[in-house]
Amino acid sequence: MVKINFFTLFRLELGIKNIDIDIDKKIKLRDLLYLAEDISKKKFIHKLIDEKDGLLDSAIILINGKNVHHLQGLDTIIKNGDEIALFPPGGGG
Amino acid sequence: MNDIYSRNALFFSKEEMRSIKNAKIAVVGVGGLGCVVSEILARMGVVSLLLMDNGIVDMPDLGRQSLYGLEDIGKRKVDAAKDALLKKVDTCKIESVFCDVNKNCPVELLSQADGIVDCLDNYESRFALEECLSDTQFLIHGGVENDYGQITTVIKSKTQTLKDIYPNMESTAKEDFVAVSTPVVFVTASLMAQEVIGNIIKKPNLVNEMLIVELSDFSFSKIKLN
């Protein structure tokens, strides 16, 4: 099972805290996110990925506590047991 | 047992109170977060505080920046904050430096601090501040927006840096006006002060963990950082 945790604006706008997804084989992050959209019936990918399939700058995707920018981005392979955190961090002080 | 710190002294050990007293802490950014953080630290007995900011007190600041009042409009924040703190607690020594972390950061002064508190309002400055951090100094990072905030401890020899956690944030446009609610500023800043004290007494909670504070549902979530 893979756990996707939504925080801050995502949680507020989607009205859900997390989604657990059972995957029978490893899949890429991009495919997992689309799967999560299908399952949750909530649109959120446009806040993470631009039209050119690039990661948007405003939100953070952590896989097991590591930013996907240091992994393979949207092509990062996700396996059972992985935990994903999605949030736009606060910038003010 | 009637001094300013006596109630805290009933809770913390003598050794911990000594560590708190002897700690040198730099609060960088004396806006919403920095006002509350520096007030808590001063009231708890941190004697040596360094305040850094390049801002001037403006009317909208009064909505959430607890050390300022109407009479401070137009003053340098670092000066108004120092005056306000010394009126509350006259035992602390406060050095105030009017400066922009990106342009004329007093690296020498920062290097003397045991810990630095990131109360800045943009990521470009946060990354510049992090550059000044030694391998062993602790940096308490906080950020707020709308009604949520996040906090973590950065120690270069032990944790990810802000650049590791937020590699894509530097390029984001610097917003002049960030939407923020007053309660989340006070809550997040109070927790940052708690983490400063935690680091001083060697009991930090957010080393390799990020705390997300959400007032919309009163939730506190910890994310493990690797």
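Residues numbered from 1 in each chain as written. Chains lettered and ligands numbered in written order. Predicted model: local features only at pLDDT ≥ 70, side-chain atom pairs only at ≥ 80, totals over all residues.

1. Side note on the overall build of chain B
And step 1. What chain B contains, in helices and strands, is nine helices and eight strands.
And step 2. Against the globule reference of 17 Å for 226 residues, chain B gives a C-alpha radius of gyration of 16 Å, in line with a compact fold.
And step 3. The principal-axis extent of the C-alpha atoms belonging to chain B is close to 50 × 40 × 40 Å.
And step 4. Of the contacts made within chain B by residues no fewer than 6 positions apart, 65% connect residues no fewer than 24 positions apart. (Helix = DSSP H or I, 4+ residues; strand = E, 2+ residues; numbered from the N terminus. Rg over C-alpha atoms; globule rule 2.2 N^0.38 Å. Contact = placed C-beta atoms within 7 Å.)

2. Some details on helix H2 (residues 29-40) of chain A
Given 3.6 residues per helical turn, the α-helix brings residues three or four places apart onto the same face.
All names here are of chain A.
And step 1. Counted at 1.5 Å a residue, the expected span for H2 with its 12 residues is 16 Å, and the 16 Å between its end C-alpha atoms agrees.
And step 2. Among all positions of H2, only Leu29, Leu32, Leu33 and Ala36 are buried. Relative to the axis of H2, the buried residues are bounded by an arc of 100° and lie together on one face. (Expected span 1.5 Å × (residues − 1). Buried ≥ 20, exposed ≤ 12 C-beta atoms within 10 Å, placed from the backbone. Arc of directions from axis to C-beta.)

3. Considerations on the sheet that holds strand S4 (residues 60-63) of chain A
Residue and element names in this part refer to chain A.
And step 1. The strand order across the open sheet built from five strands is S2-S1-S7-S4-S5, with neighbouring strands paired in mixed fashion. Of all the strands in the sheet, just strand S2 (18-21) and strand S5 (66-67) have a single pairing partner and so form its edges.
And step 2. With four bridges joining them, strand S1 (residues 2-6) and S2 adopt antiparallel strand pairing. Residue pairing across strands places Val2 opposite Ile21, the latter belonging to S2.
And step 3. Against the sheet, H2 contacts S1 and S2, and its axis sits at roughly 110° relative to S2. (Pairing = 2+ DSSP bridges. Axes fitted to C-alpha atoms, helices over the stretch in contact; angles between N-to-C directions.)

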